[in-house]
Amino acid sequence: MKLSPSAQKVQEALHRRGFDHLQVQELSASTRTAQEAASAVGQIVKSLIFRGATSTRPYLLLVSGANRVDLPRLEAYLGEQLEKPDAEYVRRVTGFAIGGVPPIGHTQPLEALFDPDLLEYERIYAAAGTPFALFGLSPQELLQLTGGRVLALK
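The structure contained in this document is the topic of the report that follows. (Residues numbered from 1 in each chain as written. Predicted model: local features only at pLDDT ≥ 70, side-chain atom pairs only at ≥ 80, totals over all residues. Heavy atoms only, no water.)

All right, on to the pattern of salt bridges then. A side chain of one charge can pair with a side chain of the opposite charge when the charged atoms of the two come close. Applying the stated rule across the entire model yields four salt bridges. The salt bridge involving Glu88 is made with Arg92; its shortest N-O contact spans 3.4 Å. Taken as a pair, Glu88 and Arg92 lie in helix H4 (residues 87-94) at a separation of four residues, close to a single helical turn. In this structure Arg92 comes out as partly exposed when scored by relative accessible area, which is 47%. In this structure, Arg149 and Glu111 form a salt bridge, with 1.8 Å as the shortest nitrogen-oxygen distance. Here Glu111 lies in strand S5 (residues 111-114) and Arg149 lies in strand S8 (residues 149-150), a separation of 38 residues in the sequence. (Salt bridge = Lys/Arg side-chain N within 4 Å of Asp/Glu carboxyl O. Helix = DSSP H or I, 4+ residues; strand = E, 2+ residues; numbered from the N terminus. Buried < 20%, exposed > 50% of the residue type's maximum accessible area, 1.4 Å probe, protein only.)

Okay, structure coming up:
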C-alpha cells in the first residue's frame with residue numbers, strides 16, 4: 001500500500017537513519033489521540049512539542065500515552081517556562097501537523113526528552129506523520145533514533 005506524503009516522509013527518515021526494519025503503517029482508524037491509538041494498537045508514545053517562553057526553543061517530549069507532563073517540574077529542570085505552541089509553530093519546527101507529529105524526520109533538529117515509563121514496554125507505537133499513520137519499535141530504538149535524554153516528565 002502506498003503511504004501518504006507525510007507518512008512516506010517518516011518512512012524515508014527511518015531509512016536514512018538505518019532503521020529499514022521499521023515500517024510505517026496507515027490504519028483505517030484514527031490514531032489522533034493517545035486513547036484512539038491505544039485502542040488501535042496498544043502502547044503509544046506521544047510526541048509533544050513545547051516552546052521555551054524566553055528562548056522560543058522547541059522541545060520534543062516523548063511521553064507514555066498514559067502520562068501527563070509535570071510542567072513545573074520540567075520547567076525547573078530546563079530553567080525556563082514552557083508554552084504550548086500554536087499549530088503554525090509546530091508545523092514550522094517539525095514539518096508535520098498536530099495530531100500526527102512523529103518523533104523523527106523534523107524540519108530542524110529537536111532536543112528530545114524521553115519519559116522513563118516508556119522503558120517498561122517491550123514495544124511502543126509512535127505517530128508517523130498523519131493521524132492515521134504509526135510505526136512500532138522498542139523504547140531502546142526510539143532512544144537511538146532521537147538521541148533522547150531520559151528524564152522524569154511526570
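Residues of helix H3 (residues 71-78) that are buried: Leu74, Glu75 and Leu78. Along the axis of H3, the buried residues cluster in a sector spanning 100 degrees; they form a single face. Residues of H3 that are exposed and point over 90 degrees away from its buried face: Pro72 and Ala76. On its buried face, H3 sits against strand S3 (58-64), strand S4 (82-83) and S5. (Arc of directions from axis to C-beta. Contact = heavy atoms within 4.5 Å.)

It is worth spelling out the packing of aromatic side chains at this point. In this structure the tally under the stated criterion is zero aromatic pairs. Over the aromatic face of Phe96 sits the side chain of Lys9, whose NZ or CZ is 4.4 Å from the ring centroid. Above the ring of Tyr89, the side-chain terminus of Arg51 is found at 4.6 Å from the ring centroid. (Phe/Tyr/Trp six-rings, centres within 6.5 Å; stacked < 30°, edge-to-face > 60°. Lys NZ or Arg CZ within 6 Å of the ring centre and 35° of its normal.)

Turning to the nonpolar core, a few remarks are in order. The tendency in soluble globular proteins is for nonpolar side chains to be buried side by side. Membership of the largest hydrophobic core comes to 30 residues, with the highest contact counts inside it found for Leu14, Val24, Ile49, Leu62 and Phe135. Going through the elements one at a time, helix H1 (5-16), strand S2 (44-52), S3, H4, S5, strand S6 (124-127), strand S7 (133-137) and helix H5 (139-146) are the ones with two or more residues in this core. Element by element, the count of residues in this core is highest for H1, at four residues. Each residue touching Val24, except ones within four places of it in the same chain, is listed here: Leu3, Ala7, Val10, Gln11, Leu14, Ala128, Ala133, Leu134 and Phe135. Leu61, Val63, Leu74 and Leu153 belong to the second largest nonpolar core, which has eleven residues in total. (Core = buried A, V, L, I, M, F, W, Y, C linked by side-chain atoms within 4.5 Å.)

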